[in-house]
Amino acid sequence: MRETPPAIAVPSHDSSADPASKPSPRGGAAAPGHHHGPGAHGDGHGHGAGTPPGTEAFPRLEVSDLVARGMASGRRREMVQDGAIALGLALLALSQPTERLLGDGPALVRWTHEGHWLSLHLLLQPLAQLLARGPSLGAERAWFLIAAISWAATYPVLARLGVRAGYSRLAAGAGALLCLVSPVAVLAGTLPGPAGPLVFGSAVLFAALERARQHGGADPSSLGVAQVSPSSPKSNGALLGLWIAVALLEPNLVLLLPAVLWCGISGEIESSKRWRFVVSGLCAAGLLLALMIGCAFLGSGERPGDTLNHLLARLVGTTSLGSPGSLIWLAVLVPSLGVAVVGVVELFRRPGEAHEGPAPGWLAAFVGVPILVKVLAGTPGLDTSSWVLLPVCALGLAAFLQRLPESRRMGLIVALFGIQMALNVGFHWAMRLGDPTREWVASAARTLNPGDMVITKDQVHDYLLHHRFRVRTINLRTPVELASELRADWWYDARELVRDHARHGGRLVLDWKVDSPPSGARDYPFPRELHELVLLGPFVHLGPKADARVDLDQGRVPTTFEPENEALPAALKKP
């Protein structure tokens, strides 16, 4: 005996299938109100005008309500799942911060520490300033928090991108996670600075470009096409507005303007409207750059020309700390992305199925323009591949995993995660062993005590002393950058700080080698002022002890002295 399937099937309009349409016991015609001819459905829902709700043969209204509630519940469940995964990623990033100084973060942390509210990052700088004023945070931890949250928030964007493209939740979520845990993406999420927001802004803009693709050519389900054609002025204006919004996060996202313009004019649109859209985009770019320069000028007090040079240096990558050369960057591109490069290969391959469409043309501008600008005109940062290629890799990985048979899909996902984690471990140790400040940090950890005051001439050391060791510093590079009329006041304030520190029993630490004279290197432009500064209190040297020359008479390395010490070098005794 065949059992009735559990699924609800829509019944046909055959009179034999409807009990109400059968002849009455008296042999008369069907009951009134149940005829299936034209005009018989008075309420438009398939039941008669006189039939009370709930008594019709098939409860279509109830079923549609159940389906709507089920879909809404599914969407809520997916949102909770995405939020839980994003929260886990954020906590993971905050628990594994990258200690090596890289990228543009140190400069922004220094601006935040100095109290600046405006910079080239029009949205992030005020946010970081507000967070830094919170309890027990500080400037660097505020930027760590911004990077971790931005990196984690990228997961829902990439996962929803794959789902809208017609791929399963498993394929879309696994593709997004595999890209986010690639070595260079993890680095972006664990570095204080704008790398995490840069990845997030790029993913948001990429998803918007995919939603705005034209209906013609490719199947709308192949790459997540929205219901609005890019030839629509409303759609083009929304794309341009979103590009402006994400560019306020990070100036590097300005380089994605060619992709936005390409996507906007790729549909069937009149030539005059195309030129109007292009001119509008270029004018918006000019106004945006002028706004960035003006805000950065107000925040720093520099000349507008210097601020413009800083912006151009940021766009081409020459200010990014620790950036490799262009050839080195190209060589480490594949290992830094790991298994995510499979997504790039998948997305650019020839369509293998009838329903698959080719990659959009604007994708070449999205990927090629930023890389070419940085390779040919400057130096690509380590995070360049993450914000340029990560959305592409996520969509391609989702397509690759979707094509696999279900019997092999889960096993391959686990294998890919294992390979990605192994690459992460190797990348992490390579970054740690290649850290130029590793030995100095170990020496500082042995030497420094709470309450010390350190005199240094190194900007990187000054950053680490401020934000990692939490000690007071006197940065000797500051008077070099000051105007000549302000230097005397700076040296006076520095002497007062040192005198007050020594008066309260504090220790003065000199950040140079232990075999160097107290004044440090002889090429410092203000030796007399520095001599007067170091005579104000007892000091110790902070530097590698292996470079010290041992005093054979004393049998030890001299590390401290008082101003009246007879062993004081003759150069320091001069008035």
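### What about the packing of helix H4 (residues 138-164) against helix H16 (residues 384-403)?
Two numbers describe a pair of packed helices, the interaxial angle and the distance between the axes. Closest axis-to-axis distance for the H4/H16 pair is 9 Å, and the angle between their directions is 40°. The angle between H4 and H16 places the two elements in the oblique class. As H4 packs across H16, the resulting crossing turns out to be right-handed. Judged by residue contacts, Leu158, Leu161 and Gly162 of H4 engage Pro391, Ala394 and Leu395 from H16. Looking at side-chain class alone, the contact of H4 with H16 contains five nonpolar, one polar and no charged residues.

### Structural notes on the sheet that holds strand E1 (residues 453-456)
Spatial strand order, E2-E1-E3-E4: four strands in an open sheet with parallel pairing. The open sheet terminates on both sides in strands that have one partner only, identified here as strand E2 (472-475) and strand E4 (539-541). Adjacent strand axes in the sheet meet at a mean angle of 25° when their direction is disregarded. Bridge count for E1 against E2 is four bridges, and the pairing is parallel. Residue pairing for E2: Val454 is matched across the bridge by Thr473. Each of E1, E2 and strand E3 (508-510) is contacted by helix H21 (residues 484-503), which is oriented at about 150° to E2, the strand it contacts most.

### Examining the packing of aromatic side chains
The full count for this structure, using the stated rule, is seven aromatic pairs. With a centroid separation of 5.0 Å and an interplanar angle of 90°, the aromatic rings of Trp490 and Trp491 are classed as edge-to-face. Of the residues examined, Trp491 reaches a relative accessible area of 3% and is grouped as buried. Look at Trp491 and Phe526: their rings are 6.1 Å apart centre to centre, the planes differ by 65°, and that puts the pair in the edge-to-face class. On the criterion of sequence distance, the pair formed by Trp491 in helix H21 and Phe526 in the loop between E3 and helix H22 (527-534) is long-range, its members being 35 residues apart. In this pair, the class of Trp491 matches that of Phe526, namely buried.

### Focus on the confidence of the model for the protein chain
When pLDDT is averaged across the protein chain, the result is 78; 77% of the residues are at 70 or more. The low-confidence segment residues 214-231 (pLDDT under 50) makes 57 contacts with residues lying over four places distant or belonging to another chain. Across residues 546-575, confidence stays below pLDDT 50; counting only partners more than four residues off in sequence or on other chains, it has 36 contacts.

### Some remarks on a nonpolar patch on the surface
A contiguous nonpolar patch, built from Leu87, Leu91 and Leu94 and spanning about 290 Å² of accessible area, is present on the exposed surface. By secondary structure assignment, the location of Leu87 is in helix H1 (residues 60-95). Assessed through its relative accessible area of 52%, Leu87 is described here as exposed.

### Some words on the environment of Leu464
With respect to the helices and strands, the residue Leu464 is situated in helix H19 (residues 459-467). Using a relative accessible area of 3% as the deciding quantity, one classes Leu464 as buried. In sequence terms Leu464 and Ala444 are 20 residues apart; their C-alpha atoms lie 9.8 Å from each other. In this structure Leu464 touches Leu101, Thr437, Trp440, Val441 and Phe469, once residues within four positions along its chain are discounted.

### Some thoughts on the pattern of salt bridges
Under the counting rule described, the total for this entry stands at eleven salt bridges. Note that Asp104 and Arg314 form a salt bridge whose closest N and O atoms lie 3.6 Å from each other. Placement of the pair is Asp104 in the loop between H1 and helix H2 (105-113) and Arg314 in helix H11 (residues 304-316), with a sequence separation of 210 residues. Here Asp104 falls in the buried class, since its relative accessible area comes to 13%. Across the pair Glu346 and Arg403 runs a salt bridge, and its minimum N-O distance is 3.0 Å. Of this pair, Glu346 sits in helix H14 (residues 341-348) while Arg403 sits in helix H16, and the two are 57 residues apart along the sequence.

Definitions and cut-offs
- Residues numbered from 1 in each chain as written.
- Predicted model: local features only at pLDDT ≥ 70, side-chain atom pairs only at ≥ 80, totals over all residues.
- Heavy atoms only, no water.
- Axes fitted to C-alpha atoms, helices over the stretch in contact; angles between N-to-C directions.
- Helix = DSSP H or I, 4+ residues; strand = E, 2+ residues; numbered from the N terminus.
- Parallel < 35°, antiparallel > 145°, perpendicular 65-115°, else oblique.
- Left-handed = near helix turned anticlockwise from the far one by under 90°.
- Contact = heavy atoms within 4.5 Å.
- Nonpolar A, V, L, I, M, F, W, Y, C, P; charged D, E, K, R; others polar.
- Pairing = 2+ DSSP bridges.
- Phe/Tyr/Trp six-rings, centres within 6.5 Å; stacked < 30°, edge-to-face > 60°.
- Buried < 20%, exposed > 50% of the residue type's maximum accessible area, 1.4 Å probe, protein only.
- pLDDT = per-residue confidence, 0-100.
- Patch = residues over 30% accessible without salt bridge, like charges linked within 9 Å, V, L, I, M, F, W, Y side chains within 5 Å.
- Areas by Shrake-Rupley, 256 points an atom, 1.4 Å probe, with all protein chains shown as cover.
- Salt bridge = Lys/Arg side-chain N within 4 Å of Asp/Glu carboxyl O.

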